[in-house]
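Reading the structure
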Amino acid sequence: MREGLLITLFMISLTSLCDTVNQLFLKSAIDSLNFGGKFNFIRIFKFIFQLLIKPRVWLSFVFSVISLCIWLLVLSRADLNFAFSADSMHYIFIALASRFILKEKFSCLRWIGTGLIVTGIVFVSLS
Amino acid sequence: MFKKKVTLKILLLLLASDVLETAIHFFFKKGALTRAEFSVFDLPSAFVFLQAVFSSPFLWAALLTVVAVFIIWSTILSRIDLSVAVPIASFSYILVPVVSVILLHEQISALRWTGILLILIGVILVSLSSKERTEQGK
């Protein structure tokens, strides 16, 4: 049972990691387009088209498909309430990636929030 | 521009996104359960499992709901700030476990509810911190 829990947690970490990579690719593709100013349908349509011709967006899509497949395998072996709560560990990966890869600045509040999520996941996994 | 005025229409959209978000997870779980008796132990068996799940209507219902939530969520974010939207939308952190108990007959201990509550507060704090940054950046 313990071993099963570890494997499940490992698989949830994998989906969360894939989600994080997916977000990073998408974020870097969107940032490279420099989309700002007023929103209107033509501009949004153009923006989406420019996104879709970027290979990074397709890489991001591939990672989200991998993430979905692993997620379905997780759900076949774990309770939904456990898997759903533990999946919030993507907040931790995204926080680390934004801090160390995208070099974003973090407020104290964000660290406290991320710490609470970590504690929550430990509680959920122990029960 | 900092958009924070939550109107009744936006509140209803947020509520809809919460309910649909919960539906997505319920559908995925039901899809995965179509082959509950099947045990996955290596890559080939994982493919057999995924093939069965991808032919389940529940999975496609889930994916359709993902698209619906994406559209609703884009509408919400064009009206209000992310730091205002996320705390209201994180209601699904409670709704998914509640649905798990009622519809899937899962059991949740007091310790686990405590953990779920901590995660919920953490998510709200993380989203509030983005507002702090926006205000500092002005």
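Remember, predicted model here, so these are calculated numbers, not experimental data. (Residues numbered from 1 in each chain as written. Chains lettered and ligands numbered in written order. Predicted model: local features only at pLDDT ≥ 70, side-chain atom pairs only at ≥ 80, totals over all residues. Heavy atoms only, no water.)

To continue, consider the interface of chain B and chain A. Contacts between the two partners involve 40 residues from chain B and, on the opposite side, 33 residues from chain A. Here chain B is connected to chain A by 0 salt bridges. At the boundary of chain B with chain A, the tally comes to 7 residue pairs in polar contact (both at pLDDT 80 or more). Looking at the side of chain B that touches chain A, the elements that each hand over two or more residues are helix 1 (8–33), helix 2 (43–54), helix 3 (57–79), helix 5 (92–104) and helix 6 (110–137) of chain B. Looking at the side of chain B that touches chain A, the element that brings in the most residues is helix 6 of chain B, giving 17 residues. Counted by class, the side of chain B that touches chain A contains 25 nonpolar, 10 polar and 5 charged residues. (Contact = heavy atoms within 4.5 Å. Salt bridge = Lys/Arg side-chain N within 4 Å of Asp/Glu carboxyl O. Polar contact = N/O pair within 3.5 Å; in protein donor to acceptor, adjacent residues only side chain to side chain. Helix = DSSP H or I, 4+ residues; strand = E, 2+ residues; numbered from the N terminus. Nonpolar A, V, L, I, M, F, W, Y, C, P; charged D, E, K, R; others polar.)

Summary statistics for chain A give a mean pLDDT of 86 and a share of 94% for residues scoring 70 or more. At the level of individual helices and strands, chain A shows its lowest average pLDDT in helix 2 (residues 41–52) of chain A, which scores 81, and its highest in helix 3 (residues 55–77) of chain A, which scores 92. (pLDDT = per-residue confidence, 0-100.)

Right, let's talk about the packing of aromatic side chains for a bit. Applying the stated criterion across every chain yields a total of 7 aromatic pairs over all chains. With centroids separated by 5.1 Å and ring planes inclined at 50°, the aromatic side chains of F106(A) and W111(A) adopt a geometry described as tilted. Looking at W111(A), the relative accessible area reads 40%, which means it is partly exposed. Ring centres of F26(B) and F27(B) lie 6.1 Å apart, and the angle between their planes is 50°; on these two criteria the pair is classed as tilted. Each member of the aromatic cluster is reached from another via a ring pair, and the members are F26(B), F27(B) and F58(B). Over the ring of F100(A) we find R99(A), and its NZ or CZ is 5.6 Å from the ring centre. Sitting over the ring of F106(A), R110(A) keeps its end group 5.2 Å from the ring centre. (Phe/Tyr/Trp six-rings, centres within 6.5 Å; stacked < 30°, edge-to-face > 60°. Buried < 20%, exposed > 50% of the residue type's maximum accessible area, 1.4 Å probe, protein only. Lys NZ or Arg CZ within 6 Å of the ring centre and 35° of its normal.)

Residue and element names in this part refer to chain A. Tallied over the full model, the rule gives 1 salt bridge over all chains. For K27, the salt bridge is made with D31, and the minimal N-O distance between the two is 3.4 Å. Here D31 and K27 lie together in helix 1 (residues 2–33), a separation of 4 residues that amounts to about one turn. When its relative accessible area of 36% is taken as the criterion, K27 is described as partly exposed. Judged by relative accessible area, D31 falls into the partly exposed class, the value being 44%.

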